[in-house]
Number of protein chains: 4
Amino acid sequence: MHTPHNPDFEARVRSSFARQAAMSLIGARLTTVEPGRCVIELPVRDDLTQQHGFVHGGVVGMIADSAGGYAGFTLMPADASVLTVEYKINMLAPADGDLLVAVGEVLKPGRTLSIVRAEVFGVQGDRRSRVAVMQQTLMVMHGVADEKI
Amino acid sequence: MHTPHNPDFEARVRSSFARQAAMSLIGARLTTVEPGRCVIELPVRDDLTQQHGFVHGGVVGMIADSAGGYAGFTLMPADASVLTVEYKINMLAPADGDLLVAVGEVLKPGRTLSIVRAEVFGVQGDRRSRVAVMQQTLMVMHGVADEKI
Amino acid sequence: MHTPHNPDFEARVRSSFARQAAMSLIGARLTTVEPGRCVIELPVRDDLTQQHGFVHGGVVGMIADSAGGYAGFTLMPADASVLTVEYKINMLAPADGDLLVAVGEVLKPGRTLSIVRAEVFGVQGDRRSRVAVMQQTLMVMHGVADEKI
Amino acid sequence: MHTPHNPDFEARVRSSFARQAAMSLIGARLTTVEPGRCVIELPVRDDLTQQHGFVHGGVVGMIADSAGGYAGFTLMPADASVLTVEYKINMLAPADGDLLVAVGEVLKPGRTLSIVRAEVFGVQGDRRSRVAVMQQTLMVMHGVADEKI
């Protein structure tokens, strides 16, 4: 279990997520926020699809990127903000179902860099199947406020 | 220079792109379609941003994924469709400017897999700076129509 | 738990590993071979190091690549061989200790592609710490013998 | 063209490479060292192969990792050393020929992180074919000497 530096980590993550206009555009919502772990849910909509009618792989990447980034952000100091350095995502199955659930979990928090893993699941009723796995590197930007630059 | 198997590759790619609802949602448009190379442009909008006011890294990934995928698709046979196996993207600079331009280029077309590189640039007036680079693996799905499943 | 297509999977993997001259050069040994899971151990030696005296990141990648590749191979049909399409590895800590242990586990076996995760640990006496995590894509080469071409 | 901070960058890179015992084990040699660009050559030997008789993908990764890492190191300050954060490599063709040549080139040098691309070619007489492409993230470790820790 990870110990957060900032006792207000949850309010901070929720406030930051609320300012990600792109998450609002696709209809993503932040559910769980725990030390080193975040969950984002995305109700599947027709306007999120690619040519085969599944959710676009880039949209799957968006929620994985945000779930991973905010998982990392929960463990960062109060005066820092978070930046995605890079991510790599494998698609395991078509992104299908009523709901996509992205779970980000910190593998290694660091002073300068944090390494995170995210998984995305497709949920249809009782059935839940893994549709993507991601490995991500985040940068801790010390002294940079989490707001519009 | 690559030689396409399908003489109608351009019409096929444009028709497929037009059916990607997610590209329409974010306002992306397909400009160049050449053998082994595609360009997608995305006018920057407030509803595409993350908490610092730059375009969300996942949105950058979306246009890179589509530019790369369609670059690969130009070289595939007429009875095949394209699937993203995985991609890895490095963010080089904040995605800023009036317009983002994603350029996908095939490194190695194959019977079963194609390896592609994409770069994303931020354009502001005359200034053009590289904001992301991606490496991507695509699968050629022989005998699978490029339509809703 | 995965079910292997080939009941002789273990003998097949051990025979293939024994023919990887590069594994012999660095002194790696294959320990566990289970359906969808392989473990490779590497005693740390001075001639495997980089300039800071830790095991070279590329050597860490070598054992992760082989552990992942053979994990995937355990689930492939008897007439197929395995090929690494790509891998992505994050270094979490300096590769240190008496022994490195690479554990490969299949996330999604497929007819054409398999997606695998590998982790590498550094072991020093009772202490075991994670030094690297990898995500890998393998190709199933049907009808290609696992021998010198 | 990149401008190095450290006028002695070439001597520094060559000295560091000479202390990478793992490069000596596989017989790799550092040829070109320019600002933001390094080339490593590896004569193909039987003891570097995998089960099909080609050079092991992990060995290809080793020379790509070192070529990329040292390309980045050429642009770092004299009081810093270099660390590989992560890399992702796609295999494009079997690593074959008399000689492998890995070329690392900096895409974006930074104060804390540098992003690098590497390509590996197989050379057989006059023929030169691309066998792998890599994207890599390096960390600049300020105030850490490039020597045994």
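Residues numbered from 1 in each chain as written. Chains lettered and ligands numbered in written order. Predicted model: local features only at pLDDT ≥ 70, side-chain atom pairs only at ≥ 80, totals over all residues.

## Focus: the overall build of chain A
Broken down by element type, chain A carries three helices and six strands. Ordering the α and β elements of chain A from the N terminus gives α-α-β-β-α-β-β-β-β. Its C-alpha atoms give chain A a radius of gyration of 15 Å, near enough to 15 Å, the size a compact globule of 149 residues would have. Over its C-alpha atoms, taken along the principal directions, chain A stretches across nearly 45 × 25 × 25 Å. Look at the contacts in chain A between residues 6 or more apart in sequence, and 68% of them connect residues 24 or more apart. (Helix = DSSP H or I, 4+ residues; strand = E, 2+ residues; numbered from the N terminus. Rg over C-alpha atoms; globule rule 2.2 N^0.38 Å. Contact = placed C-beta atoms within 7 Å.)

## Observations concerning the pairing of strand 6 (residues 127-142) of chain D
Residue and element names in this part refer to chain D. Inspection of the sheet shows strand 3 (residues 80-91) paired to strand 6 by eleven bridges, in the antiparallel sense. From the neighbouring strand, Ala80 faces strand 6, where its bridge partner is His142. By the bridge criterion, twelve bridges tie strand 5 (residues 113-124) to strand 6 in an arrangement that is antiparallel. Directly across from Ile115, in strand 6, lies its bridge partner Thr137. Count of turn residues in the strand 5/strand 6 antiparallel hairpin: two residues, of which Gly125 carries a positive phi of about 60°. (Pairing = 2+ DSSP bridges.)

## Digging into the relation of the copies chain B and chain C
Mapping chain B onto chain C leaves a residual RMSD of 0.0 Å; the transformation is a rotation of 180° accompanied by 0.0 Å of translation along its axis. With respect to symmetry, the two chain copies, as superposed, fit the operation of a two-fold axis. With an isologous cut-off of 70% or more, the 100% of interface residues of chain B that recur at the interface of chain C puts this contact in the isologous class. (Least-squares fit on C-alpha atoms with pLDDT ≥ 70 in both.)

## So, the interface of chain B and chain C
Listed per partner, the contact involves seven residues of chain B and seven residues of chain C. Breaking the side of chain B that touches chain C down by element, the ones donating at least two residues are strand 3 (80-91) and strand 6 (127-142) of chain B. Top element by residues in the side of chain B that touches chain C is strand 3 of chain B. It accounts for three residues. Classifying every residue of the side of chain B that touches chain C by side-chain character gives three nonpolar, two polar and two charged. (Nonpolar A, V, L, I, M, F, W, Y, C, P; charged D, E, K, R; others polar.)

## Considerations on the relation of the copies chain B and chain A
Overlay of chain B on chain A (RMSD 0.0 Å): rotation 180°, translation along the axis 0.0 Å. Of the interface residues in chain B, 100% have counterparts in chain A that sit at the interface too, so the contact is made through matching surfaces.

## Re helix 1 (residues 9-18) of chain B
Residues and elements named next belong to chain B. Here helix 1 has its buried residues at Phe9, Arg12, Val13, Ser16 and Phe17. Here the buried residues of helix 1 occupy an arc of 130° about the axis, which is enough to place them on one side. Exposed residues pointing more than 90 degrees away from the buried face of helix 1 are listed as Ala11 and Ala18. Close packing links the buried residues of helix 1 with helix 2 (21-26), strand 1 (29-34), strand 2 (37-43) and helix 3 (57-73). (Buried ≥ 20, exposed ≤ 12 C-beta atoms within 10 Å, placed from the backbone. Arc of directions from axis to C-beta.)

## Quick notes on the sheet that holds strand 1 (residues 29-34) of chain A
Across the sheet, twelve strands lie side by side as 1(A)-2(A)-4(A)-5(A)-6(A)-3(A)-3(B)-6(B)-5(B)-4(B)-2(B)-1(B); this open sheet has antiparallel pairing. Unpaired on one side and paired on the other, strand 1 of chain A together with strand 1 of chain B mark the two borders of the sheet. Each neighbouring strand pair of the sheet contributes to a mean axis angle of 25°, computed without reference to strand direction. One ladder, built from nine bridges, connects strand 4 (residues 99-108) of chain B with strand 5 (residues 113-124) of chain B; its direction is antiparallel. What sits directly across from B:Lys108, in strand 5 of chain B, is B:Ile115. Across the sheet, helix 1 (residues 9-18) of chain A touches strand 1 and strand 2 (37-43) of chain A, and the angle it forms with strand 1 of chain A is around 160°. Here helix 3 (residues 57-73) of chain A sits on the sheet in contact with strand 2, strand 3 (80-91), strand 4 (99-108), strand 5 (113-124) and strand 6 (127-142) of chain A together with strand 3 of chain B, set at roughly 40° to strand 4 of chain A. (Axes fitted to C-alpha atoms, helices over the stretch in contact; angles between N-to-C directions.)

## Here's the deal with the environment of A:Ala95
All names here are of chain A. Positionally, Ala95 belongs in the loop between strand 3 and strand 4. Along the sequence, Ala95 and Ile40 sit 55 residues apart, while their C-alpha atoms lie 15 Å from each other. Those residues within four positions of Ala95 in sequence are excluded, and the remaining contacts are Phe54, Val55, Val60, Leu100, Gly122 and Val131.

## A word on the interface of chain B and chain A
Contacts between the two partners involve 34 residues from chain B, matched on the other side by 34 residues from chain A. Mapped by element, the contributors of at least two residues to the side of chain B that touches chain A are helix 2, helix 3 and strand 3 of chain B. Among the elements that make up the side of chain B that touches chain A, the one with the highest residue count is strand 3 of chain B (eight residues). Looking at the side of chain B that touches chain A residue by residue, the class counts come to eleven nonpolar, 14 polar and nine charged. In terms of strand pairing, strand 3 of chain A meets strand 3 of chain B through five bridges, oriented antiparallel. Counted as the bridge partner of A:Tyr87 is B:Ile89 from strand 3 of chain B.

## Some remarks on the sheet that holds strand 6 (residues 127-142) of chain C
Spatial ordering of the open sheet is given by 1(C)-2(C)-4(C)-5(C)-6(C)-3(C)-3(D)-6(D)-5(D)-4(D)-2(D)-1(D), a layout of twelve strands whose pairing is antiparallel. At either margin of the open sheet sits one strand with a lone partner, and together these are strand 1 (29-34) of chain C together with strand 1 (29-34) of chain D. Adjacent strand axes in the sheet meet at a mean angle of 25° when their direction is disregarded. The strands touched by helix 3 (residues 57-73) of chain C within the sheet are strand 2 (37-43), strand 3 (80-91), strand 4 (99-108), strand 5 (113-124) and strand 6 of chain C together with strand 3 of chain D, with strand 4 of chain C carrying the most contacts at an inclination of about 40°.

## Things to note about the confidence of the model for chain A
Counting all residues, the mean pLDDT for chain A is 96, and 100% of those residues have values of 70 or more. Across the interface, the model reports ipTM at 0.96; the global pTM reads 0.97. (pLDDT = per-residue confidence, 0-100.)

## A short note on the packing of helix 3 of chain C against helix 3 (residues 57-73) of chain D
The interhelical angle for the contact between helix 3 of chain C and helix 3 of chain D, taken along N-to-C directions, is 155°, at an axis separation of 8 Å. With respect to each other, helix 3 of chain C and helix 3 of chain D are oriented roughly antiparallel. Relative to helix 3 of chain D, the crossing made by helix 3 of chain C is right-handed. Contact with helix 3 of chain C, carried on its side by C:Gly57, C:Gly58, C:Val59, C:Gly61, C:Met62, C:Asp65 and C:Ser66, involves D:Gly57, D:Gly58, D:Val59, D:Gly61, D:Met62, D:Asp65 and D:Ser66 of helix 3 of chain D and no other residues of that element. Here the contact of helix 3 of chain C with helix 3 of chain D is composed, by residue class, of four nonpolar, eight polar and two charged. (Parallel < 35°, antiparallel > 145°, perpendicular 65-115°, else oblique. Left-handed = near helix turned anticlockwise from the far one by under 90°.)

## Overview of the environment of A:Lys88
Tracing the backbone shows A:Lys88 in strand 3. Note on A:Lys88: 26 C-beta atoms within 10 Å, which makes it buried. With 53 residues separating them in the primary sequence, A:Lys88 and A:Pro35 have C-alpha atoms 23 Å apart. The contact partners of A:Lys88, leaving out residues within four places of it in the chain, are A:Met134, A:Gln135, B:Glu86, B:Lys88, C:Lys88, C:Gln135 and D:Lys88.

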